[in-house]
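Structure assessment
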Amino acid sequence: MTVRLFARLRDLAGTGELEREVPAGATVRTVWDSLTREFPDLAPYAESLSCAVNIDYARMTTAVSEGDEVAFLPPVSGGAW
Amino acid sequence: MAALTAITTEPLDLAVLTDLVGAENTGAVTTFLGVVRNRNQGRNVHHLVYEAYEPLAERVLQRIREEARDHWPSVTLAVHHRIGRLEIGEASVAIAAASPHRADGFAACRYAIERVKQIAPVWKHEYFEGGDVWIEGATADPDDLAAREAAMRIACA
């Protein structure tokens, strides 16, 4: 699967796109847990991030499988204050 | 750039949006332009770099149009968000709402910008005198009804 990271998450991981194997029965949380083992600096975002699967907002409990695109999104700041 | 919603690296033009919403068949066109400020939280800002998860951001802008249409069926809304490097004074977001009467137009316009800030997957990287920082606001969750109701309350205040 493809894992996409944006904004500060991308900076912390040093890359915005990774290809990873996904085990059977995986959810978005499985992917996140594996990612934070690889990049511990991401861990503090566990409580504030959003996620998307195949370009649709999803939940950490959403099931994922091979071929999916999973994106992790830090808190947003669109527009102008 | 002739769509009612757009994520674009090109400078925004309100005249394009007011044309898109069909100013000639309506009683009011309300517009909003979000502009890069030179000061933020005590910092002297040099410029901003906006980043988006573009395909999702496009969908979210369409969703915001649909939410607004559910509440104000007579309003036609256009929302364009710019990404990439923006200098002080440049517009990051442009919104136009055409409506038969001004009250609905103002409300829909306000609702749209509040929702953009809540749920559009767009981030700004602020470069200021002495450093840079990612600005992080709301955890984006389109299904968070409390957030949606908060945007509606602000819009209709």
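Small disclaimer: the values here were computed from a predicted structure and weren't measured.

Concerning the packing of helix H3 (residues 102-119) of chain B against helix H4 (residues 145-155) of chain B
Residues and elements named next belong to chain B.
- Axis separation between H3 and H4 bottoms out at 8 Å; the angle between their running directions is 145°. Crossing of H3 against H4: the hand is right-handed. Residues Ala107, Arg110, Tyr111, Glu114, Arg115 and Gln118 of H3 lie in contact with H4, whose contacting residues are Ala147, Ala151, Met152, Ile154 and Ala155.
- Among the residues forming the contact of H3 with H4, the class breakdown is 7 nonpolar, 1 polar and 3 charged.

Topic: the environment of Val53(A)
Residues and elements named next belong to chain A.
- Relative to the helices and strands, valine 53 is located in strand S3 (residues 50-53).
- Each C-alpha atom of the pair valine 53 and glutamate 69 lies 5.7 Å from the other, and the pair is 16 residues apart in sequence.
- Excluding anything up to four places from it in sequence, valine 53 contacts Val28, Ala58, Thr62, Val64, Asp68 and Val70.

What about the sheet that holds strand S4 (residues 57-58) of chain A?
Residues and elements named next belong to chain A.
- Overall, mixed pairing links the 5 strands, which are arranged S2-S1-S5-S3-S4 in an open sheet. Every other strand in the sheet has two partners, leaving strand S2 (17-19) and S4 as the edge strands with one partner each.
- Both strand S1 (residues 2-5) and S2 contribute to a ladder of 3 bridges, which runs antiparallel. When the sheet's bridge partners are listed, threonine 2 is paired in S2 with glutamate 19.

Thresholds, definitions, all that
Residues numbered from 1 in each chain as written. Chains lettered and ligands numbered in written order. Predicted model: local features only at pLDDT ≥ 70, side-chain atom pairs only at ≥ 80, totals over all residues. Axes fitted to C-alpha atoms, helices over the stretch in contact; angles between N-to-C directions. Helix = DSSP H or I, 4+ residues; strand = E, 2+ residues; numbered from the N terminus. Left-handed = near helix turned anticlockwise from the far one by under 90°. Contact = placed C-beta atoms within 7 Å. Nonpolar A, V, L, I, M, F, W, Y, C, P; charged D, E, K, R; others polar. Pairing = 2+ DSSP bridges.

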